Amino acid sequence: MTPITTTAELAAYCDKIKGQPFVAVDTEFMRETTYWPKLCLIQAAAPNAEAVIDPLAEGLDLEPFLAILRDESIEKVFHAARQDVEIFNNLKAMPKPLFDTQVAGMAAGYGEQIAYDALVRQMLKIELDKSSRFTDWARRPLTEAQLTYALADVTHLAALYPILKARLEKEGRLAWVHDEMQNLCDPAVYDVEPENAWKRLKPRRHTSKYLAVYKAVAAWRERTAQQRDQPRGRILKDEAIDELATQAPTDAGAIDRLRSVPKGFSGSRFGPDLLDAIKEALKDPDAYAPVIERSKIAASPAAGAVVELLKVLLKARAEDAGVASKLIATVSDLEQIANDDDAKTPALTGWRREAFGEDALKLKRGELALVLDGTRVRVVEVRRAPKVSAAE
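Residues numbered from 1 in each chain as written. Predicted model: local features only at pLDDT ≥ 70, side-chain atom pairs only at ≥ 80, totals over all residues. Heavy atoms only, no water.

Trainee: Teacher, can you tell me more about unusual backbone geometry here?
Mentor: Both trends apply: most residues other than glycine have a negative phi, and most peptide bonds are in trans. With an omega of -10 degrees, the peptide bond running from Lys96 to Pro97 counts as cis. Of note, Pro97 is situated in the loop between helix 3 (82–90) and strand 5 (98–100). In this chain, Arg140 is followed by Pro141 through a cis amide linkage whose omega measures 0 degrees. Among the secondary structure elements, Pro141 is positioned in the loop between helix 5 (116–124) and helix 6 (144–170). Residues other than glycine seldom take positive phi values, yet Lys92 does so here, at roughly 65 degrees. Lys92 sits in the exposed class, given a relative accessible area of 65%. One non-glycine residue with positive phi stands out, namely Ala248, at about 45 degrees. The buried category is assigned to Ala248, whose relative accessible area is 10%. (Helix = DSSP H or I, 4+ residues; strand = E, 2+ residues; numbered from the N terminus. Buried < 20%, exposed > 50% of the residue type's maximum accessible area, 1.4 Å probe, protein only.)

Trainee: Is there a simple way to think about the sheet that holds strand 5 in this case?
Mentor: In a beta sheet, neighbouring strands are held together by backbone hydrogen bonds and run either parallel or antiparallel to one another. Here five strands make up an open sheet; going across it, the order is 3-2-1-4-5 and the pairing mixed. Strand pairing shows two members of the sheet lacking a second neighbour, strand 3 (49–53) and strand 5, which therefore form its edges. On average, each strand axis in the sheet is tilted by 25 degrees relative to the strand beside it, whichever way the strands run. Sheet analysis places strand 2 (residues 38–46) next to strand 3, joined by five bridges and oriented antiparallel. (Pairing = 2+ DSSP bridges. Axes fitted to C-alpha atoms, helices over the stretch in contact; angles between N-to-C directions.)

Trainee: Could you clarify how one ought to interpret the packing of helix 16 (residues 331–339) against helix 17 (residues 350–364) in this entry?
Mentor: Describing two packed helices takes the angle between their axes plus the distance from one axis to the other. Where helix 16 contacts helix 17, the two axes come as close as 10 Å, and the packing angle between them is 45 degrees. Comparing the axis directions of helix 16 and helix 17 gives the class oblique. Where helix 16 crosses over helix 17, the handedness of that crossing is right-handed. In this structure, helix 16 uses Leu334, Ile337, Ala338 and Asn339 to contact helix 17, whose residues at the interface are Phe356, Ala360, Leu361 and Lys364. (Parallel < 35°, antiparallel > 145°, perpendicular 65-115°, else oblique. Left-handed = near helix turned anticlockwise from the far one by under 90°. Contact = heavy atoms within 4.5 Å.)

Trainee: Explain the pattern of salt bridges to me, please; I cannot follow it from the model alone.
Mentor: Side-chain pairs of opposite charge can arise whenever the charged atoms involved come near each other. Under the counting rule described, the total for this entry stands at 29 salt bridges. Residue Asp242 is joined to Arg204 by a salt bridge in which the shortest nitrogen-to-oxygen separation is 3.9 Å. On the criterion of sequence distance, the pair formed by Asp242 in helix 10 (residues 238–247) and Arg204 in the loop between helix 7 (174–184) and helix 8 (208–228) is long-range, its members being 38 residues apart. Between Glu319 and Arg376 there is a salt bridge whose closest N-O contact spans 3.7 Å. (Salt bridge = Lys/Arg side-chain N within 4 Å of Asp/Glu carboxyl O.)

Trainee: Would you mind showing me how to read the environment of Leu151 here?
Mentor: With respect to the helices, strands and loops of the structure, Leu151 is situated in helix 6. Owing to a relative accessible area of 8%, Leu151 belongs among the buried residues under this scheme. Sequence-distant contacts of Leu151, defined by excluding residues within four places in its chain, comprise Met1, Gln43, Ala44, Glu50, Ala51 and Val52.

Trainee: Just checking my understanding: could you explain the state of the cysteines for this structure?
Mentor: In a disulfide, the sulfur atoms of two cysteines are held together by a covalent bond. Per the counting criterion, the structure on display carries zero disulfides. You can see Cys40 has no disulfide; the closest cysteine sulfur is in Cys14, sitting 19 Å from it. Of the residues examined, Cys40 reaches a relative accessible area of 0% and is grouped as buried. Take Cys185: it sits in no disulfide, and the sulfur closest to it among the cysteines is that of Cys14, at 19 Å. (Disulfide = S-S within 2.5 Å.)

Trainee: For this particular structure, what's the right way to read the nonpolar core?
Mentor: General note: in soluble globular proteins, nonpolar side chains tend to be found buried as a group. Among the nonpolar cores identified, the biggest contains 97 residues, and Phe65, Phe99 and Phe356 are the most heavily contacted of them. Core analysis: the next-biggest nonpolar cluster, separate from the first, contains 32 residues, Leu211, Trp220, Ile241 and Val261 among them. (Core = buried A, V, L, I, M, F, W, Y, C linked by side-chain atoms within 4.5 Å.)

Trainee: Just to check I follow, could you spell out the packing of aromatic side chains for this structure?
Mentor: A ring pair, where both rings are aromatic, is described by two values, the distance of the centres and the angle of the planes. A complete count under the given rule lists 11 aromatic pairs for this structure. Here the basic side chain of Arg269 rests over the ring of Phe270, its NZ or CZ set 5.0 Å away from the ring centre. (Phe/Tyr/Trp six-rings, centres within 6.5 Å; stacked < 30°, edge-to-face > 60°. Lys NZ or Arg CZ within 6 Å of the ring centre and 35° of its normal.)

Trainee: Is there a simple way to think about the environment of Glu195 in this case?
Mentor: Within the element layout of this structure, Glu195 appears in the loop between helix 7 and helix 8. A residue is classified by how much of its surface remains accessible, and Glu195, at 28% relative accessible area, is partly exposed. The spacing of Glu195 and Glu222 is 27 residues in sequence and 8.4 Å in space, taken between C-alpha atoms. Among residues more than four places away in sequence, those in contact with Glu195 are Lys215, Ala219, Arg223 and Tyr288. Reaching out from Glu195, the side chain makes a polar contact with the side chain of Tyr288 at a distance of 3.1 Å. (Polar contact = N/O pair within 3.5 Å; in protein donor to acceptor, adjacent residues only side chain to side chain.)

What follows is the structure, given as structure tokens:
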């Protein structure tokens with residue numbers, strides 16, 4: 001097998017797949033020691049043509065393939081697409097429309113976050129060869145076995161897609177998957193603006209001083225990781241951001257006394273810049289601190305018990321529908337519903353509200369009950385006795 005290594009070869013391949021209804025896509029990349037993922041291989045399979053593309057080939061311009069990803073007349077099929085989409089979004093080629101077979105598998109009742117090999121085994125009755133799964137995809141040349149292994153990821157994906165899509169259409173669940181795809185294709189999900197880095201973390205306090213330093217340190221770490229092309233955790237751990245925000249150190253000695261900051265950090269090349277970022281945030285904490293919307297209703301003492309009941313209801317409704325429960329609601333969704341009937345959560349909108357959300361609210365109001373029937377939980381309506389007037 002010969003991979004595509006020139007722009008002319010890539011353009012010729014892309015000409016073949018223009019006008020096709022879909023193209024299955026997968027990538028091989030490395031990011032263990034870098035901030036930015038290093039794209040090492042692209043595999044693609046349309047109904048009439050398949051190829052392995054070598055993005056590391058000298059002089060190769062990926063633009064012909066990126067144009068295919070931007071072409072909204074061609075559906076792009078991935079499995080567990082998030083990291084692949086992140087790579088292409090960085091290349092200014094958000095793949096739309098998108099179909100993720102892992103999400104589709106969840107909607108079709110194949111379990112939580114089903115792996116690609118498991119989906120192929122269950123749907124196509126094919127056992128995948130895993131002998132090259134730990135390949136260093138950045139090394140060249142790649143062997144015939146490695147290229148064959150890589151291409152199999154999309155040839156089977158192209159076979160899965162029409163079967164899975166037809167099943168979801170028949171069951172009226174294709175819209176469920178499309179709803180999820182809108183989230184996956186939202187550029188905000190892949191935002192790497194340093195000033196927004198704090199949003200991916202979990203601040204523990206809500207004072208202006210704490211939040212100002214928290215935001216400043218998270219932004220400093222993100223910017224430094226990007227500039228040095230190193231993983232965030234190699235610059236500073238998440239727990240260190242919390243401790244720095246809590247203690248708000250303004251000199252080298254105060255930084256070195258923190259337990260979660262590496263020993264001697266203040267004297268490293270990072271120390272002065274980190275201190276400058278903290279001091280800048282402390283000049284006007286009220287202005288710099290992010291605004292975090294607090295829940296309208298504080299957590300009630302009974303909220304924990306309500307969440308546990310909602311978990312049982314969710315499992316029962318997911319089993320009834322033959323769909324993975326995680327696709328319907330997360331634990332965070334349940335916690336929000338437990339504390340607020342009007343919570344701004346996906347579980348209380350659209351098809352999720354029909355499948356679960358409405359029943360969740362009824363359970364809270366005492367209008368539904370959970371009954372153990374052998375080994376299965378049944379959901380039953382609670383019939384309230386009519387009120388008796390005083391005259392009677």
